[in-house]
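A structural walkthrough
Take a look at the letters that make up each chain.
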Amino acid sequence: MVRSGTELKLIFFPGAKATVAALVLLETLELVPRAAFTAVLPRMEDIKPIGEIREITVHHTGFPEAWLADDLAATANHLAEIQTLHSDPAGRNWADIGYHYAVDRMGRIWQLRDLRFQGAHVKNHNRQNVGIVVLGNFDIQQPPGAQVTALAALLNFMLTAYDNLKVHTHQQLADGPTSCPGTHLQTWMDMTFGGAARKRFS
Ligand SMILES: [Zn+2]
């Protein structure tokens, strides 16, 4: 049987249920494979399985300068730099880039760390927790419409394709204070995914 392009996209989401509702949402996602920004593999000796996923945590990159690049090559370079910051033995020294997915300014969704593996994005809360980073510093810039539309589509897809998931932002889950994901994205998250943890954006 020939599989449709949408069904092939399921490779980005191990364990996802291929229900009709999930596939309809998945079809709207513009996905970019990990190979588009890196050929560097995770250090497998330092990586754990994620297990059954229970949480999603939304972050921003939060660098001091606003992130304004839209094009694919600049975005790929930016993600490769973040991977180096996270995995360099002289830096964070993690097994790989910390997050599982990134949402860029054009609404493309990049595969970062393979979802089969536990991430490194909320200290003491990485078990069963999917990390999504939205590119920008939302304390000093507003996310473009395409970016939050894609974030909502990704969150709605995951809430549909996996059971018993809760959506948080980094500051809602962290043990200590953090401004992540920035005041503007936090406000958007409160409006669209606030209140009931599984509320759907519509
Ligand atoms: Zn964060």
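Attention here is on the structure that accompanies the text.

Focus on the nonpolar core
Counting residues in hydrophobic clusters, the biggest one holds 40 residues, and the most contacted among them are Phe13, Leu151, Phe157 and Met158. Among the elements of the structure, helix H2 (20-27), strand S2 (55-60), strand S3 (101-103), strand S5 (129-134), helix H4 (145-161) and helix H6 (183-193) are those that each provide at least two residues to this core. The element best represented in this core is H4, accounting for 11 residues. Each residue touching Met158, except ones within four places of it in the same chain, is listed here: Phe13, Ile53, Ile56, Tyr101, Leu115, Val130 and Leu165. Formed by 14 residues, the second largest nonpolar core is a distinct cluster that contains Leu79, Ile97, Tyr99 and Leu135.

Looking at the pattern of salt bridges
Enumeration over the complete set of coordinates arrives at 7 salt bridges. The closest approach of N and O atoms between Lys17 and Asp163, which form a salt bridge, is 2.8 Å. Note that Lys17 is positioned in the loop between helix H1 (5-8) and H2 and Asp163 in the loop between H4 and strand S6 (166-169), a separation of 146 residues in sequence. The class for Lys17 is partly exposed, based on a relative accessible area of 33%. When its relative accessible area of 45% is taken as the criterion, Asp163 is described as partly exposed.

Parameters and conventions
- Residues numbered from 1 in each chain as written.
- Predicted model: local features only at pLDDT ≥ 70, side-chain atom pairs only at ≥ 80, totals over all residues.
- Heavy atoms only, no water.
- Core = buried A, V, L, I, M, F, W, Y, C linked by side-chain atoms within 4.5 Å.
- Buried < 20%, exposed > 50% of the residue type's maximum accessible area, 1.4 Å probe, protein only.
- Helix = DSSP H or I, 4+ residues; strand = E, 2+ residues; numbered from the N terminus.
- Contact = heavy atoms within 4.5 Å.
- Salt bridge = Lys/Arg side-chain N within 4 Å of Asp/Glu carboxyl O.

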